[in-house]
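Given next are the chains, with one letter for each unit.
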Amino acid sequence: MNLSTAKASRRSKEVGIKKVMGAPRGSLILQYLSESMLLTIIAVFISLLAVELMLPQFNQITGKHLTLQFNPALIFSIIGVTIFTGLLSGSYPALYLSGLKPSAALKGKLQLTAAALLTRQGLVIFQFAFSAILIVAVLIIYKQIEYIQESNPGYKKDNVLYFETNGKLRNNIDFVIDEVKK
């Protein structure tokens, strides 16, 4: 959103020419939303590729064996988040750019209203705060993983007895105690 509105001055002449040629506001909105959706879809594919490539290193660091399995629930979630993000990120620039007056747009004189300026400043502050929160969260998670891997749990892992009960321990508690005593 921030990048699109910042580039509005460069695209203002394009909007002005399209409006002079008779393009309705709806087609301009559709164009900018489509561009936003395309960028979002490309970003999702790049992020899925990055997850797939970095998963072995993540498993090595954490000592886990996680895999990326594309089940229907995950696919629908990814599609839903992609559509929501694309529409949300493209809505403000689409509405802002399509609402420009042709004469001002062709002259390249964009007048930012107080509301538009506050919106852009609010988006920048939100983006900065969200980035800071994510960085702090990553550092905390890293420190937690490091602590778990390096700390002494207080027992020897070789002397641990483990068995699955599937929630049936309460019915057979006497049997389990007798077997442990043996």
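Residues numbered from 1 in each chain as written. Predicted model: local features only at pLDDT ≥ 70, side-chain atom pairs only at ≥ 80, totals over all residues. Heavy atoms only, no water.

Looking only at helices and strands, the protein chain features seven helices and zero strands. Reading the secondary structure of the protein chain in the N-to-C direction produces α-α-α-α-α-α-α. A sequence separation of at least 24 residues applies to 72% of the contacts in the protein chain between residues at least 6 apart. Total accessible area on the protein chain is roughly 14,400 Å²; 67% of this is exposed by carbon and sulfur atoms. (Helix = DSSP H or I, 4+ residues; strand = E, 2+ residues; numbered from the N terminus. Contact = heavy atoms within 4.5 Å. Areas by Shrake-Rupley, 256 points an atom, 1.4 Å probe, with all protein chains shown as cover.)

A separate point is the side chain of Thr-82. With respect to the element layout, Thr-82 can be found in helix α4 (residues 72-98). The class for Thr-82 is buried, based on a relative accessible area of 9%. In this structure the side chain of Thr-82 is engaged in a polar contact, spanning 2.6 Å, whose partner is the backbone oxygen of Ile-78. (Buried < 20%, exposed > 50% of the residue type's maximum accessible area, 1.4 Å probe, protein only. Polar contact = N/O pair within 3.5 Å; in protein donor to acceptor, adjacent residues only side chain to side chain.)

Within the largest apolar cluster, ten residues are counted, these being Val-15, Leu-28, Tyr-32, Leu-33, Tyr-92, Ala-94, Tyr-96, Leu-97, Leu-100 and Ala-116. At the level of elements, α3 (25-62) and α4 are the ones that each hand at least two residues to this core. Considering each element in turn, this core owes the most residues, four residues, to α4. (Core = buried A, V, L, I, M, F, W, Y, C linked by side-chain atoms within 4.5 Å.)

Taken together, the side chains of Phe-70, Ile-75, Phe-76, Ile-79, Ile-83 and Leu-87 make up a nonpolar region of the molecular surface, amounting to roughly 570 Å² of accessible area. Looking at the secondary structure, you find Phe-70 in the loop between α3 and α4. (Patch = residues over 30% accessible without salt bridge, like charges linked within 9 Å, V, L, I, M, F, W, Y side chains within 5 Å. Salt bridge = Lys/Arg side-chain N within 4 Å of Asp/Glu carboxyl O.)

Applying the stated criterion across every chain, the model contains one aromatic pair. Seen from their ring centres, Phe-126 and Phe-130 are 5.9 Å apart, and the 20° between their planes marks the pair as stacked. Taken together, the positions of Phe-126 and Phe-130, both in helix α6 (residues 114-150) and four residues apart, correspond to about one turn of that helix. Residue Phe-126 is classed as exposed on the basis of its relative accessible area of 56%. (Phe/Tyr/Trp six-rings, centres within 6.5 Å; stacked < 30°, edge-to-face > 60°.)

It is worth spelling out the environment of Glu-35 at this point. Looking at the secondary structure, you find Glu-35 in helix α3. Each C-alpha atom, one on Glu-35 and one on Gly-86, is 8.7 Å from the other, the two residues being 51 residues apart in sequence.

Okay, the environment of Phe-70 next. Residue classification places Phe-70 among the partly exposed residues on the basis of a relative accessible area of 45%. Among residues more than four places away in sequence, those in contact with Phe-70 are Leu-48, Ile-75 and Ile-78.

With that out of the way, let us pick up the packing of α3 against α4. Look at α3 against α4: their axes get within 7 Å of each other, and the N-to-C directions meet at 140°. Classed by the angle they form, the pair α3 and α4 counts as oblique. Seen from above, α3 lies across α4 with right-handed handedness. Of the residues assigned to the contact of α3 with α4, the class counts are 14 nonpolar, nine polar and one charged. (Axes fitted to C-alpha atoms, helices over the stretch in contact; angles between N-to-C directions. Parallel < 35°, antiparallel > 145°, perpendicular 65-115°, else oblique. Left-handed = near helix turned anticlockwise from the far one by under 90°. Nonpolar A, V, L, I, M, F, W, Y, C, P; charged D, E, K, R; others polar.)

Among the structural elements, Pro-93 can be located in helix α4. The spacing of Pro-93 and Leu-33 is 60 residues in sequence and 8.4 Å in space, taken between C-alpha atoms.

With that out of the way, let us pick up α3. Here α3 spans 51 Å end to end across 38 residues, near enough to the 56 Å set by a 1.5 Å rise per residue. The largest bend in α3 amounts to roughly 45° and is located at Met-54, with the proline Pro-56 lying one to four residues further along. For α3, every residue scored as buried is listed here: Leu-28, Tyr-32, Leu-33, Ser-36, Met-37, Thr-40, Val-44, Leu-55, Asn-59 and Thr-62. Within two residues after α3, Gly-63 carries a phi angle of roughly 75°, on the positive side. (Expected span 1.5 Å × (residues − 1). Bend = angle between axes of the 7 residues up to and from the residue.)

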